[in-house]
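# Summary of structural features
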Amino acid sequence: IGRVSAPIAGFFGDLDHNPSPADVDKLDALLTQLGKPHVFHRYPTADHAFLNLIGKRYHPEAAKDSWEKAKVFLREHLQGTAA
């Protein structure tokens, strides 16, 4: 992870067991310690695969919010780069 130079966005359901909320906390702390630009978004009532439209864990509110935040992140970090 020390060689990663691109900004990182993470989207996590707090009901997930892999990665668990504690794992996400550890990753956040490590990235911060290494000075890696990152932003994590967490959804307290969402599980793993909350974006899967056909899955039983689909969470429409978290899915909509995460897509909007992902688009903002990509615009901020990819704007002006070659397509």
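What comes next is a walk through the structure. (Residues numbered from 1 in each chain as written. Predicted model: local features only at pLDDT ≥ 70, side-chain atom pairs only at ≥ 80, totals over all residues. Heavy atoms only, no water.)

Here we come to the overall build of the protein. If you tally the helices and strands in the protein, you get two helices and two strands. Counted from the first residue to the last, the protein has its helices and strands arranged as β-α-β-α. Dimensions along the principal axes, computed over C-alpha positions, put the protein at roughly 35 × 30 × 15 Å. Split into buried and exposed, the 83 residues of the protein put 23% on the buried side. Residue pairs in contact within the protein that sit at least 24 positions apart in sequence constitute 59% of those at least 6 positions apart. (Helix = DSSP H or I, 4+ residues; strand = E, 2+ residues; numbered from the N terminus. Buried < 20%, exposed > 50% of the residue type's maximum accessible area, 1.4 Å probe, protein only. Contact = heavy atoms within 4.5 Å.)

Below, the discussion takes up the pattern of salt bridges. Per the stated rule, a full pass over the model turns up four salt bridges. In this structure, the salt-bridge partner of Arg42 is Asp25, at a minimum N-O distance of 2.5 Å. Within this pair, whereas Arg42 is found in strand S2 (residues 38-43), its partner Asp25 is found in helix H1 (residues 21-33), the two being separated by 17 residues in sequence. Put simply, Asp65 and Lys69 hold a salt bridge, and the shortest N to O gap is 2.8 Å. (Salt bridge = Lys/Arg side-chain N within 4 Å of Asp/Glu carboxyl O.)

Attention shifts here to the packing of aromatic side chains. Aromatic ring pairs are described here by two measures, namely the spacing of the ring centres and the angle between the planes. For the structure on display, the rule yields two aromatic pairs. Note on Phe12 and Phe40: the rings are 5.0 Å apart at their centroids and 75 degrees apart in plane angle, and the pair reads as edge-to-face. On the criterion of sequence distance, the pair formed by Phe12 in strand S1 (residues 8-13) and Phe40 in strand S2 is long-range, its members being 28 residues apart. Between Tyr43 and Phe50, the aromatic rings sit 5.3 Å apart at their centres with planes inclined by 55 degrees, giving tilted as the arrangement. Of the residues examined, Tyr43 reaches a relative accessible area of 10% and is grouped as buried. Under the relative-accessibility criterion, Phe50 is labelled buried at 5%. (Phe/Tyr/Trp six-rings, centres within 6.5 Å; stacked < 30°, edge-to-face > 60°.)

Side chains on a regular strand alternate between the two faces of the sheet. Here six bridges tie S1 to S2, and the two strands are oriented parallel to one another. For Ala9, the partnering residue across the bridge sits in S2 and is Val39. In this fold, S1 hands off to H1, which returns the chain to S2; that crossover is right-handed. (Pairing = 2+ DSSP bridges. Right-handed = clockwise from strand over helix to strand, strands pointing away.)

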